[in-house]
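# Observations on the model geometry
Below, each chain spelled out in residue letters.
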Amino acid sequence: MKPIFLIGYMGCGKSTLGRNVARMTGLQFIDLDNFIEARFHASVKEIFASRGEEGFRDIERRMLIETSDFQDVIVACGGGTPCFFDNMEIMNSKGVTVYLDASLEKLHTRLMRGRHKRPLIAGMESEQLREFIVKALESRMPYYSKASMVFRSDLLENEAEVGETASRFISQLGLKAKESDI
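What you are looking at is a predicted structure, and each value in this text was computed from that prediction instead of being measured. (Residues numbered from 1 in each chain as written. Predicted model: local features only at pLDDT ≥ 70, side-chain atom pairs only at ≥ 80, totals over all residues. Heavy atoms only, no water.)

### Points about the overall build of the chain
Where we set the bar: Only DSSP runs of H or I with at least four residues qualify as helices, and only runs of E with at least two residues qualify as strands; both kinds are numbered from the N terminus onward. The atom set for the radius of gyration is the C-alpha atoms, and the globule formula is 2.2 Å times the number of residues raised to the power 0.38. Burial classification: accessible surface area is computed with a 1.4 Å probe over protein chains only, and a residue below 20% of its type maximum counts as buried, one above 50% as exposed, and the rest as partly exposed. Per-residue and other accessible areas follow the Shrake-Rupley method at a 1.4 Å probe size, with only the shown protein chains counted as cover for residues. As used throughout, the charge tally considers Lys and Arg to be positive and Asp and Glu to be negative, leaving His and the chain termini uncounted. Positions of charges follow a simple convention, taking NZ of Lys, CZ of Arg, CG of Asp or CD of Glu.
Counting secondary structure elements, the chain contains 7 helices and 5 strands. Taken from N to C terminus, the helices and strands of the chain fall in the order β-α-β-α-α-β-α-β-α-α-β-α. Relative to the 2.2 N^0.38 estimate, which gives 16 Å for 182 residues, the radius of gyration of the chain is 16 Å and therefore close to what a compact globule would have. With respect to the principal axes defined by its C-alpha atoms, the chain has extents near 45 × 35 × 30 Å. Put simply, the chain has 182 residues, and 47% of those count as buried. On the chain, roughly 9,200 Å² of surface is accessible, and the fraction owed to carbon and sulfur atoms is 52%. If you average the places of the 25 positive and of the 26 negative side-chain charges in the chain, the two averages end up 1 Å apart.

### Points about the pattern of salt bridges
Opposite charge on two side chains permits them to pair, given that their charged atoms come into close proximity. Put simply, the rule reads: What makes a salt bridge here is a side-chain nitrogen of Lys or Arg within 4 Å of a carboxyl oxygen of Asp or Glu, nothing more.
Within this structure, the stated rule accounts for 14 salt bridges. Taking the shortest distance from any N to any O, the salt bridge between E105 and R130 comes out at 2.7 Å. Of this pair, E105 sits in helix α5 (residues 104–114) while R130 sits in helix α6 (residues 126–144), and the two are 25 residues apart along the sequence. R152 is the partner of D154 in a salt bridge, and the nearest nitrogen-oxygen pair spans 3.1 Å. Overall, D154 belongs to the buried group, its relative accessible area being 15%. Shared partners join several salt bridges into a network, and the residues in it are E53, R57 and E60.

### Brief notes about unusual backbone geometry
Look at H41: it is not a glycine, yet its phi comes out positive at around 50°. Its identity as a non-glycine residue notwithstanding, F85 has a phi of 50°, on the positive side. Within the element layout of this structure, F85 appears in the loop between β3 (73–76) and α4 (87–94).

### Digging into the packing of helix α3 (residues 44–67) against α4
What counts, and what does not: Here an angle of 0 to 180 degrees is reported between the N-to-C directions of two axes, which are lines fitted to C-alpha atoms, with helices fitted over the stretch in contact. Small angles under 35 degrees read as roughly parallel and large ones over 145 as roughly antiparallel, with 65 to 115 read as roughly perpendicular and the rest as oblique. A contact between two residues is defined here by any heavy atoms of the two lying within 4.5 Å. Three residue categories are used. Nonpolar comprises Ala, Val, Leu, Ile, Met, Phe, Trp, Tyr, Cys and Pro, charged comprises Asp, Glu, Lys and Arg, and polar comprises the others, including Gly.
Remark: α3 packs on α4, axes separated minimally by 10 Å, with the N-to-C direction vectors making an angle of 5°. Relative to α4, the element α3 is oriented roughly parallel. Here α3 contributes E60, R61, L64 and I65 to the contact with α4, which in turn contributes N87, I90 and M91. Residues belonging to the contact of α3 with α4 are distributed by class as follows: 4 nonpolar, 1 polar and 2 charged.

Here's what the structure looks like:
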């Protein structure tokens, strides 16, 4: 089976949903940022610091091309991955791209809760973060809108919601759940 690429803004649930869909289907889950960190033995933050954004985006593109040749995988891309080079065209030609669409309220709530783990937004206050999300989404929508399909990802707040949302995703994409998860 061709790769499934999850795209969307930070906090939309790419890793949460991807991990659970992989567990329920037997697909391999790859978080592109973690894949890069393992390959380069450095954090994304360290790579940005040493090579700049241009250097990071070049690495990200090369790792995206590599993972696009894998079979039976679900790949959670970084929020900016679709916005550089011909990354959307690569993903669309090699697999299925799914834009995880979460409401502004959900993104804001999730990012406020976990902002200390994200250097880009760590010091932002609530309204500043809301404005930042709105502007970022506006600039990224031309890329996100090229996805093969859109999937609503608001309901990922607890184990029950995650399970129900992952089941809905599996059904919508025509994937087969493992026997133990039926």
